[in-house]
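Coordinate analysis (summary)
Chain by chain, the residues:
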Amino acid sequence: MAAKDGQTIYALASAPGRSGVAVVRVSGPGAGPALTALAGGLPKPRAATLRTLRHGKVDIDRALVLWFPAPHSFTGEDVAEFHLHGGRAVRESLFAALADLGQRPAEPGEFSRRAVEHGRLDLTRAEAIADLVDAETPAQLRQALRQYDGALAELYEGWRAALIGALGRAEAAIDFSDDGVGEAEFAGARAQAASIIDALQKHLDDARRGEALREGFRLAIVGAPNAGKSSLINALVQREAAIVSEVPGTTRDVIELRLNLGGYLVHVADTAGLRQTSDAVEAEGVRRALAQAQASDLVLLLRDGTAPYTDHLGVTPDLIVWNKNDLPGFQKRDGLSLSLKSGEGLAQLIETLTATVSERLETKGEAPVLTRPRHREALKQALDCLRHALSAPQDQPELFAEDLRLALRAIGRITGRVDVEELLDAVFRDFCIGK
Ligand SMILES: Nc1nc2c(ncn2[C@@H]2O[C@H](COP(=O)(O)OP(=O)(O)O)[C@@H](O)[C@H]2O)c(=O)[nH]1
Ligand SMILES: [Mg+2]
């Protein structure tokens, strides 16, 4: 089986640079001929075999080669793998040989793409591979593995199957519109759609748990100028990342840093101090600070406990922390207080933040969670279509059916199984004609 363009592609599958072993993967109709030419023949399928690699008169390496004939390979095409010594010259000579044999370098994601095209992977599993490679924390790894095992695909395919069932009943209602059977079928289809709406809604109302785990939880530190925001971010990341200064308005842009809190990836943002200002650059900083707060999962408002009340320009914080409790003018108030100068209270703040993040990101129960905005968009569309479907009048099941088809297509886009719908459409169209 070959990709649409019939070309054979190759790429380094391991990290670039020097290493003990480097893996080069080849996929397409030229994989077998390349093995034959370079390794002196095809090895036994799926068995690591030591061979001398040579192209014409040029020695390349003594390496392990593997042969995965289609369709039992990652891409579903003929695949060859070369486990080379991980040096630049070795790699480059193999690449030169493969190019000489008429192959081309793969584009980013092209192996996974071919796997999807050949039905070896659905889109959610392909995305899970990217997440597995990117996972930095154990929690991200767990979520990616779960998705790779098909948890999301099963959930979404399950909803699709239920929708196909409801659509079938709606079609029956259209076909038997003149008798009582039609009414009963339509009522049944509506009930099914309503229960899928509930399930979708529950899945969408997850406070971005899975997405925040995958992409990193976004924490914004906001507050008036000089409250100590830059001091706080430096204390959190334990280095001088942001400029700390007694000059108010020093931080102009949003500075984002990565932080590991209790095993969760957190992007913490230092922002410009919130105040009315006539300075154009500072005003832009304030605008960005407000936007950052909007887009964050948690907004920490840092306040100077020695300063009079100031307006925070409409920001609604999740957590208020009072700073500078080392100073005599500090007023004790409810909530956390600390001194970023002496470090007193910092440990407790970190503890509170860690607890909040893990509370927000922990997957509760067994149901798999949404992991990507792409899925969220498609599910929202499906939900809209289903809600609209329920508004179809009793005597117009065909309107209901049309919305269901749109919902099906939206969910199908998540796993990449849209073509099945087209088939289904055709099947049902024939039904109607036959009547
Ligand atoms: N005494 C005291 N000074 C602090 C404390 N935290 C920050 N500062 C000082 O307050 C000023 C403003 O701090 P900075 O972190 O730049 O505040 P930002 O404008 O909110 O980013 C600097 O001179 C800091 O050294 C604290 O807990 N106690
Ligand atoms: Mg600052």
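Moving on, we come to the overall build of the protein chain. Within the protein chain one finds 14 helices and 12 strands. Since a compact globule built from 435 residues should have a radius of gyration of about 22 Å, the 29 Å found for the protein chain marks it as more spread out than a globular shape. Seen through its C-alpha atoms, the protein chain measures out along the principal axes to roughly 80 × 80 × 40 Å. Out of the 435 residues in the protein chain, the part that is buried amounts to 37%. For the protein chain, long-range pairs separated by at least 24 residues make up 59% of all intrachain contacts whose partners lie at least 6 apart in sequence.

Before going further, it helps to examine the site of ligand 1. Gly228, Lys229, Ser230, Ser231 and Lys341 are the nearest of the 21 residues found near ligand 1. Top contributing element to the shell around ligand 1 by residue count: helix α9 (residues 229–237), with three residues. Of the residues contributing to the shell around ligand 1, the split by class is five nonpolar, 11 polar and five charged.

To continue, consider the sheet that holds strand β4 (residues 58–68). Across the sheet, six strands lie side by side as β3-β4-β5-β2-β1-β6; this open sheet has mixed pairing. Both edges of this open sheet fall to β3 (49–55) and β6 (104–105), since each of them pairs with a single strand only. With eight bridges joining them, strand β2 (residues 19–27) and strand β5 (residues 79–86) adopt antiparallel strand pairing. Looking at the pairing, Val24 lines up with Phe82 of β5. Along the sheet, helix α1 (residues 31–39) contacts β2, β3, β4 and β5; its crossing angle with β3, the most-contacted strand, is approximately 85°. Most of the contacts of helix α2 (residues 88–100) go to β4, to which it runs at about 70°, and overall it touches β1 (9–12), β2, β3, β4 and β5.

Take helix α3 (residues 110–117) next. All of the buried residues along α3 are Phe111, Arg114 and Ala115. Looking down the long axis of α3, one finds its buried residues gathered within 105° of arc, a one-sided arrangement. Taken together, the buried residues of α3 touch β2 and α4 (123–134). Once α3 finishes, Gly119 follows within two positions and takes phi at roughly 75°, a positive value.

Further remarks concern helix α5 (residues 138–148). Taken as a whole, α5 has its buried residues at Gln140, Gln143, Ala144 and Gln147. With its buried residues spanning 95° around the axis, α5 presents them on a single face. For α5, the secondary structure elements touched by its buried residues are α4, α6 (151–175), α8 (209–215) and β9 (264–270). Following α5 by one or two positions, Gly150 adopts a phi angle in the positive range, close to 100°.

What counts, and at which threshold
Throughout, residues of each chain are indexed from 1 in the direction in which the sequence is written. All chains are assigned letters beginning with A, and all ligands numbers beginning with 1, in the order in which they are written. A pLDDT threshold of at least 70 governs which residues receive local features in this predicted model, and a stricter bar of 80 or more applies before side-chain atom pairs are shown or counted, although totals over entire chains, interfaces and linings include all residues. Secondary structure elements are defined from DSSP: runs of H or I of at least 4 residues count as helices, runs of E of at least 2 residues count as strands, and each element is numbered from the N terminus. In this setup the radius of gyration rests on C-alpha atoms only. A globule is expected at 2.2 Å times the number of residues raised to 0.38. Residues are called buried when their C-beta atom has 20 or more other C-beta atoms within 10 Å, exposed when it has 12 or fewer, and partly exposed otherwise; all C-beta atoms are positioned from the backbone. Once C-beta atoms have been placed from the backbone, residue pairs whose C-beta atoms lie within 7 Å are recorded as contacts. Each residue receives a C-beta atom placed from its backbone. It is near a molecule or strand if this atom lies within 6 Å of it. For this classification, the nonpolar set comprises Ala, Val, Leu, Ile, Met, Phe, Trp, Tyr, Cys and Pro, the charged set comprises Asp, Glu, Lys and Arg, and every other residue, Gly included, is treated as polar. When DSSP finds two or more bridges between two strands, those strands count as paired. Between N-to-C directions, angles cover 0 to 180 degrees, with each direction set by a line fitted to C-alpha atoms, over the stretch in contact for helices. Working note: the arc is built from the helix axis to C-beta atom directions.

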